[in-house]
Amino acid sequence: MNQQWKKVARLRVLTAGAVAMATVLLSACGGSSTSSVKAPTGPIAFGELIPLTGRAANPGARFLHGIKVGVKDVNSNGGILGQQIEEFLGDTGSDAVDSVPAFRQLETHSPSVIIGSTSIEEPSVKGMVDGAKVPQLANLPGTLYDGLSDPLIYRIAVPDSALAKAMAYYAINSSWTKCSLAFENVQSAQSLVQPLLDAYKKHNGTVLDNVQLVPHQTSYRTEITKLFAQNPQCIFIQTDPQTSGTFFSDARELGHFNIPYIGTDQNTDVTIAKAAGLADASKWLTGTSGALPTGPSYDHFSTGYKAQFTDDPSYFAAAFYDAVIVAALAMTSAGTADKNIWYKSIGDVTGDESATEVTTYAEGVKLLKEGKKIDYEGASANMDFDKTHTVFTDVNIVKFDTSANLQTVSTVKAKDLAAY
């Protein structure tokens with residue numbers, strides 16, 4: 001009996017020694033992959049970098065509404081890893097300069113993520129995002145961000161290059177092969193011009209004139225006369241609400257508000273249609289927008305949106321809602337809200353086509369807790385980020401009717417845009 005106990009004792013010593021050695025070896029190699037993962041112990045800070053004043057205030061309000069719906073959805077379903085989202089809002093003023101103090105103010109709250117900004121403010125913000133090493137899910141459609149390779153930044157909305165192709169596609173397929181351009185001379189407008197020209201000319205479109213508009217002038221009669229000198233079949237256009245009011249008033253007086261004006265996503269803003277005059281805008285003025293998918297994800301988002309707000313949910317509101325849900329699911333999958341870790345799980349919850357599709361936060365959390373893989377299909381798009389962290393979707397050609405309701409005129413499929 002004594003000999004047996006001695007053998008057991010020696011076995012225990014050897015086993016303990018092996019464990020100790022394994023621990024030393026793991027430490028030498030940097031430890032296990034989960035050693036630095038820490039679940040949050042308090043509210044999780046979400047920084048929101050949104051234009052609520054200035055030229056982009058109207059769409060900015062829709063961005064924020066989408067975020068609010070997402071935050072309520074997450075917090076009502078147990079939060080993230082048992083903790084609630086705490087929101088911190090920074091108003092960029094629709095300006096690159098004003099976005100700097102807005103970002104600095106958000107930094108003081110140590111956010112786990114930044115939701116926003118837009119292409120207007122990002123040139124000033126990007127360096128700070130990288131410096132703070134905080135992940136960002138932003139509305140960056142500008143062509144400047146095509147081919148983006150920043151691991152921290154994800155583009156949540158269809159890029160301008162896709163919208164520009166859709167505008168060209170719509171014109172060509174409507175047999176409008178001789179048209180002119182009237183875009184404001186600001187970066188957010190001019191970024192669409194080259195991809196529009198490339199796509200239109202590639203498919204035998206002829207550009208009769210390309211006029212840059214200085215925003216907020218008291219008259220555009222000279223520019224309009226130039227645009228119509230060669231009798232264009234359509235006008236490709238981007239103007240803000242104030243410029244639109246003057247431009248279309250002058251066009252009407254000159255007898256030139258009588259052909260198609262094909263606009264960008266700016267024309268999903270009802271204030272532009274109203275500034276142009278709904279009676280004529282409903283006949284001649286279209287815009288472009290990422291096509292909202294039909295199905296349970298959008299239905300869930302739309303129901304939540306209408307419970308909180310009186311306006312109709314837009315594509316951009318859905319995209320910002322999706323940004324919140326994607327971040328929350330990625331944090332849940334990573335087991336942490338640590339800004340240095342969680343964003344690496346975005347692809348795990350959005351891009352695994354072999355995983356179980358989920359359309360709500362509640363569905364996703366349930367499966368993740370069960371140790372299952374998920375593929376979130378969003379309210380604005382499938383949220384399959386490509387290697388440049390960009391999402392693509394179909395594009396709708398839209399216009400407002402005389403009652404200011406946005407109507408879909410035509411849908412351009414993503415596969416057709418890819419070939420355009």
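In this text, all values refer to a predicted model and were calculated from it rather than measured experimentally. (Residues numbered from 1 in each chain as written. Predicted model: local features only at pLDDT ≥ 70, side-chain atom pairs only at ≥ 80, totals over all residues. Heavy atoms only, no water.)

(A) Spotlight on the pairing of strand 13 (residues 395-400). Burial of strand 13 is extensive: five of the six residues sit out of reach of the surface. The pairing of strand 10 (residues 285-290) with strand 13 spans four bridges and is classified as antiparallel. Considered in strand 13, the bridge of S289 is made with N396. Where strand 13 and strand 14 (residues 406-412) come together, six bridges link them in antiparallel fashion. Bridge assignment links I397 to a residue of strand 14, and that residue is S410. (Buried < 20%, exposed > 50% of the residue type's maximum accessible area, 1.4 Å probe, protein only. Helix = DSSP H or I, 4+ residues; strand = E, 2+ residues; numbered from the N terminus. Pairing = 2+ DSSP bridges.)

(B) Spatial organisation of the pattern of salt bridges. Applying the stated criterion across every chain, the model contains 14 salt bridges. Between R55 and E184 there is a salt bridge whose closest N-O contact spans 3.0 Å. Here the residue R55 occupies a position in the loop between strand 1 (44-50) and helix 2 (57-76), and E184 occupies one in strand 6 (residues 178-184), the gap between them amounting to 129 residues. We classify R55 as partly exposed; its relative accessible area is 32%. (Salt bridge = Lys/Arg side-chain N within 4 Å of Asp/Glu carboxyl O.)

(C) Expanded view of unusual backbone geometry. Looking along the chain, the bond that leaves G116 and enters S117 is cis, with omega of 10°. Within the secondary structure, S117 sits in strand 3 (residues 113-118). Positioned with a positive phi, S175 is a non-glycine residue whose angle comes to about 70°. Assignment of secondary structure puts S175 in the loop between helix 5 (160-173) and strand 6. For S175, a relative accessible area of 53% corresponds to the exposed category. Despite not being glycine, A404 has its phi angle at roughly 70°, a positive value.

(D) Region of interest: the layout of surface pockets. For the largest pocket, the calculated volume is near 790 Å³. Contributing elements (two or more residues each) for the lining of the largest pocket: helix 2, helix 10 (270-276), strand 10, helix 12 (296-308), helix 13 (315-334), strand 13 and strand 14. By residue number, the principal contributor to the lining of the largest pocket is helix 2, which donates four residues. Partitioning the lining of the largest pocket into residue classes produces twelve nonpolar, 13 polar and five charged. (1 Å grid on protein atoms, 1.4 Å probe; cavity = no way out; pocket = protein on both sides within 12 Å on 5 of 7 lines; lining within 4 Å. Points joined across faces, edges and corners; volume = space filled by probe spheres on them. Nonpolar A, V, L, I, M, F, W, Y, C, P; charged D, E, K, R; others polar.)

(E) Structural context of the state of the cysteines. Scanning all chains against the criterion turns up one disulfide. Here C179 pairs with C234 through a disulfide, and the sulfurs are 2.1 Å apart. Looking down the S-S bond of the C179 and C234 bridge, the torsion is 115°, so its handedness is right-handed. Note that C179 is positioned in strand 6 and C234 in strand 8 (residues 234-238), a separation of 55 residues in sequence. Comparing C179 with C234 shows no difference in burial state: the two are buried. (Disulfide = S-S within 2.5 Å.)

(F) Geometry of the sheet that holds strand 2 (residues 85-91). Taken together, the five strands give an open sheet; going across it, the order is 2-1-3-4-5, and neighbouring strands pair in parallel fashion. This sheet does not close on itself; its edge strands, each paired only once, are strand 2 and strand 5 (153-155). On average, each strand axis in the sheet is inclined to that of its neighbour by 20°, with strand direction left out of account. Alignment of strand 1 against strand 3, held across three bridges, turns out to be parallel. By the bridge assignment for strand 3, E48 is matched with I115. Where helix 2 meets the sheet, its contacts fall on strand 1, strand 2, strand 3 and strand 4 (136-139), and the angle it forms with strand 2 comes to roughly 170°. (Axes fitted to C-alpha atoms, helices over the stretch in contact; angles between N-to-C directions. Contact = heavy atoms within 4.5 Å.)

(G) Summary view of the sheet that holds strand 7 (residues 206-213). With mixed pairing, seven strands are arranged side by side in an open sheet as 7-6-8-9-10-13-14. The open sheet has two edge strands with one neighbour each: strand 7 and strand 14. Neighbour-to-neighbour, the strand axes of the sheet open up by a mean angle of 25°, direction not taken into account. Two elements, strand 9 (residues 261-263) and strand 10, share two bridges in a ladder whose sense is parallel. Residue pairing for strand 10: I262 is matched across the bridge by T286. The strands touched by helix 9 (residues 241-253) within the sheet are strand 6, strand 7, strand 8, strand 9 and strand 10, with strand 9 carrying the most contacts at an inclination of about 165°.

(H) Empty space enclosed by the protein, seen in detail. Summed over all chains, the structure comprises two cavities of 30 Å³ or more. Here the largest cavity defines a volume of roughly 400 Å³. Forming the walls of the largest cavity are 22 residues, and the residues nearest its centre are A56, P59, I120, D265 and Q266. Class assignment for the residues of the lining of the largest cavity results in nine nonpolar, seven polar and six charged. A volume near 40 Å³ is recorded for the second largest cavity. If you go around the second largest cavity, the residues you meet are N267, A273, A281, L285, K399 and F400. In terms of residue class, the lining of the second largest cavity is made up of four nonpolar, one polar and one charged.

Geometry only, nothing functional implied.
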